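Residue-level listing of the chains:
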Amino acid sequence: MSDYSALSEFDQYVAQSAPKEKGDEKFFKYMRIIFGVLFLILALEFVMYKFVKPSIGVPRIVYGGLENYSEEELSGIIAPVYRGNWFSFDTNTIASRLSAVSGIESVEIEKHFPDKISIKIKERESVAMTFVNDGARTVPMQIDKNCVLFEVRNHKGDATIPIISGLPVEFLADGMRIPTKYRTLIEQIKKIQALPQKYFAAVSEICVLPKKYGNYELVIIPVNSSVRVLTDRVLNEDTLQDMMVVLEVVKSIEPDAKEIDLRYGSISYRPAKGGYVE
């Protein structure tokens, strides 16, 4: 009788406990669903505010490599072709727009999700200066290593940058290059500038004299001197060294000399009055 009673009580306990345990499982199941939904909502909000919202708003544009141009100036240049968000930012169009600026050599643009755009500018470096008539007045222009003319901005009077006059540039346009036959002169100047000696600090101006049959010659005007030095179109370290030596010699012989001729492998000078003296 006792065994039977114990079994009966156990069966009743199991029968009473089973529904309770089943109810607990449902409760925890609902709680997991609720917490899962809340977590999903929080995750969606995080993605929305962290990534989606910045991407559809105005992106942050970060410029690099600027020396003579300001961020406000370049932003104004790209404004007519850019009125959108990060997704609609056309890197090719913007790069083309900025590359059209005469003083900019190259442009690199990178888009960083979700709201940053990096624009790296490489400005042109001046090798020489010249003067060009723009139709209304004569304006100073700089020439870079690729013989491109670009506007003078914040020129600091660098003694290593010579002034070239006489280049036959008939009109002025952004990004235009000097005539082909004079590009050798720019290459020669660039090589001289790479030397440790600052030869162009002793040169006031380099004049180009076009010849009848397409070639040209040069006239070098030294600093603080009224003497003109005629030479052929080969400009190198030897030419400038010869010029400085001959200047000193001629000054000791003829203080009033007006012109020195180093062409044709000979040396001659012209006094204030009279013809050339060898």
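Structural data are supplied above this passage.
These lines cover the structure that appears in this document, whether it is placed above or below. (Residues numbered from 1 in each chain as written. Predicted model: local features only at pLDDT ≥ 70, side-chain atom pairs only at ≥ 80, totals over all residues. Heavy atoms only, no water.)

## What about the sheet that holds strand β2 (residues 104-112)?
Then comes step 1: Here three strands make up an open sheet; going across it, the order is β1-β3-β2 and the pairing mixed. The open sheet is flanked by β1 (60-64) and β2, the only strands paired with a single partner. Pairs of neighbouring strands in the sheet enclose a mean axial angle of 20°, with direction left out of account.
Then comes step 2: Where β1 and strand β3 (residues 116-123) come together, five bridges link them in parallel fashion. Bridged to Gly 64 within β3 is Lys 120. (Pairing = 2+ DSSP bridges. Helix = DSSP H or I, 4+ residues; strand = E, 2+ residues; numbered from the N terminus. Axes fitted to C-alpha atoms, helices over the stretch in contact; angles between N-to-C directions.)

## Concerning unusual backbone geometry
Then comes step 1: Omega for the peptide link from Phe 113 to Pro 114 comes to 10°, which places this bond in the cis form.
Then comes step 2: Locating Pro 114 in the fold gives a position in the loop between β2 and β3.
Then comes step 3: The phi torsion at Cys 147 lies on the positive side, around 70°, for a residue other than glycine.
Then comes step 4: Residue position: Cys 147 is located in the loop between β5 (138-143) and β6 (149-151).
Then comes step 5: Here Asn 224, not a glycine, exhibits a phi torsion of approximately 55°, which is positive.
Then comes step 6: Relative to the assigned elements, Asn 224 resides in the loop between β9 (216-222) and β10 (228-231).

## Here's the deal with the nonpolar core
Then comes step 1: Among the nonpolar cores identified, the biggest contains 38 residues, and Ile 189, Leu 235, Leu 240 and Ile 260 are the most heavily contacted of them.
Then comes step 2: Mapped by element, the contributors of at least two residues to this core are β4 (128-133), β5, α4 (183-193), β8 (203-210), β9 and α5 (237-253).
Then comes step 3: Considering every element that reaches this core, the biggest residue donor is α5, with five residues.
Then comes step 4: Every residue in contact with Ile 260, bar those within four places of it in the chain, is listed here: Val 227, Arg 228, Val 229, Leu 230, Val 246, Leu 247, Val 250, Ser 268 and Tyr 269.
Then comes step 5: Membership of the second largest hydrophobic core comes to 17 residues, among which are Tyr 63, Tyr 82, Ile 94 and Leu 98. (Core = buried A, V, L, I, M, F, W, Y, C linked by side-chain atoms within 4.5 Å. Buried < 20%, exposed > 50% of the residue type's maximum accessible area, 1.4 Å probe, protein only. Contact = heavy atoms within 4.5 Å.)

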